[in-house]
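Examining the three-dimensional arrangement
This is what each chain is made of:
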Amino acid sequence: EGFGYGQALTGLFLGSWAFVLTRKRLPDVPAALFSFSVVLLATAPFPLGYSPLALSPATTYNRYGYAALALLILEAVLAHGRSRPKQSEFLGGLSTGAVLVGLFFLKVTFFGAAVFLLGALAFCRPQTKYRWAGIGAGCSALSLAFCSYFGFRMFPMIQDLIMVAGGKRIHPRYYLFDAIATDAAAAMGFVSLVALLLYLNGRRDAARMLAIAGTTVCFTGTVLIFGNCEPQSAPLAVFFILIAVSQLSLRAKTNGIGLVRSGLLAMATLLTAAALAPAALSFSSAAVLSKQASRSEAPLSGTALASFIPGPVEDGYRSFVNDGLALVRRYRAPGDTVMSLDFSNPFSYGLGMKPAPGGTTALHFQTTFNDAHRPSAESLFGSSTLVMMPKIFSDPTLDDSIPRLYGPYLNSHFHLAGESKQWRLYRAN
């Protein structure tokens, strides 16, 4: 329920932000579609690149990252149409500065993409000192807010980012390379078609801007996929198509333009519909399906997890977690804290136990850590009095890595206190 309300509120916030940016930069219909697409993307209840039937709150940050990048692309490509350019340029820059810092604290790969887009798209519109002053103000204000939240102790976060960057590698088996190449080629084909139409209508500057921006956005969207567990997807292309179509409707003189140009315009219209319809259908159908998800399966047995009911394909994981929850209940004492050497730790939250300082969000070998770049045993175990070690890990990348890297520390600082069918529980010496 928390995920649901959080996503709904974030969708409302990002959609309103998109509306404020688009209402003087795009015609009415593209502006409405752009804002609505931001809402759908932010609230879609499935991981990008997977079927809309694969309902999950997983990788919510990727959806927010793409939605924020869409806001940056819009402001970077199109200037505001208001009569007070100084104020509008400053406010547009303020938006982009806030996006930059927000993406740094959301997911650093999206921040890298945002910095690249900001530089590459600088050639697509006139630059003013007011815009860059706004970018600086947005960056400064949001940086101060985040640093204040962290108590101005940023070094541990930077250390973790460096560790994960060193520990991560691309896993080719995750990606559908043919589908990624097809999506990229289709997006570039559309960009080329719209640029050609503008060129044929004598709008050479607009055609050049669109070609540069479209190539940059398609390249960035394709590369970003490989920083995510995202088999395929091209959400940035949807937003750029709306920008491109709006420029075509504003700048192309379509009356009496001849058979060839009319044919190209018809192709562009059909491609726009083909690009937007699947995205809208998948996002909205997933939202409907999430309301119809089966509630007949058995829930997880933890006190705080009792209302969380996994789907039928997750029977094995449900029994795995329930078995561990029962084991911790049997051996826990007042004041105990528990950590897990599996992919994640459902036990602290599930049983209402205060988390111990230390630990990690997730363990995934060669994604969050490797032999050379990993949390020290002292920081990973922290001050936990109980440690849960699965007999068979939920993530197969941990089968060898966890016993090899952390087994010696576990055996020297903890002793076996109990076990169940699927777990062993250790207590601090």
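The following paragraphs examine the structure supplied in this document. (Residues numbered from 1 in each chain as written. Predicted model: local features only at pLDDT ≥ 70, side-chain atom pairs only at ≥ 80, totals over all residues. Heavy atoms only, no water.)

Comments concerning the pairing of strand β2 (residues 386-390)
Rule in force here: Residue burial is assigned from relative accessible area. The probe radius is 1.4 Å, only protein chains are included, and a residue is buried under 20% of its type maximum, exposed over 50%, and partly exposed in between. Where helices and strands are cited, they refer to DSSP runs of H or I of at least four residues and of E of at least two residues respectively, numbered from the N terminus. Any two strands are treated as partners once DSSP identifies two or more bridges connecting them.
Buried residues dominate β2, accounting for five of its five residues. Burial along β2 is two-sided: Leu386, Met388 and Pro390 and Val387 and Met389, pointing in opposite directions, are all buried. Two elements, strand β1 (residues 338-340) and β2, share three bridges in a ladder whose sense is parallel. Looking at β2, one finds that methionine 339 is bridged to valine 387. Two strands pair when backbone bridges link them, and β2 and strand β4 (residues 423-428) are joined in this way by five bridges, in the antiparallel orientation. Its bridge partner lying in β4, valine 387 is registered against tyrosine 426.

Quick notes on the pattern of salt bridges
Heads up, the rule is: Should a side-chain nitrogen of Lys or Arg be within 4 Å of a carboxyl oxygen of Asp or Glu, the pair is scored as a salt bridge.
One pass over the structure, following the stated rule, counts nine salt bridges. A salt bridge links arginine 404 to aspartate 371; its shortest N-O distance comes to 3.0 Å. On the criterion of sequence distance, the pair formed by arginine 404 in helix α15 (residues 398-413) and aspartate 371 in the loop between α13 (347-350) and α14 (377-381) is long-range, its members being 33 residues apart. Exposure remark for aspartate 371: the relative accessible area of 42% places this residue in the partly exposed category.

Looking at unusual backbone geometry
One non-glycine residue with positive phi stands out, namely threonine 59, at about 55 degrees. Here threonine 59 shows up in the loop between α2 (28-43) and α3 (60-77). Its relative accessible area of 15% is what places threonine 59 among the buried residues. Even without a glycine there, the phi angle at glutamine 366 is positive, about 65 degrees. Mapped onto the secondary structure, glutamine 366 falls in the loop between α13 and α14. Taking the relative accessible area as the measure of exposure, glutamine 366 reaches 26% and is therefore partly exposed.

What to know about the nonpolar core
Quick reminder of the rule: Residues belong to a common nonpolar core when they are buried Ala, Val, Leu, Ile, Met, Phe, Trp, Tyr or Cys residues joined through side-chain atoms within 4.5 Å.
Residues Phe34, Tyr66, Leu69, Ile73, Val77, Leu121 and Phe240 are the most contacted members of the largest nonpolar core, which totals 60 residues. Mapped by element, the contributors of at least two residues to this core are α1 (2-22), α2, α3, α4 (85-106), α5 (108-120), α8 (177-200), α9 (204-225) and α10 (235-251). If you look at the next biggest cluster of nonpolar residues, it comprises 19 residues, including Met339, Leu341, Leu398 and Leu405.

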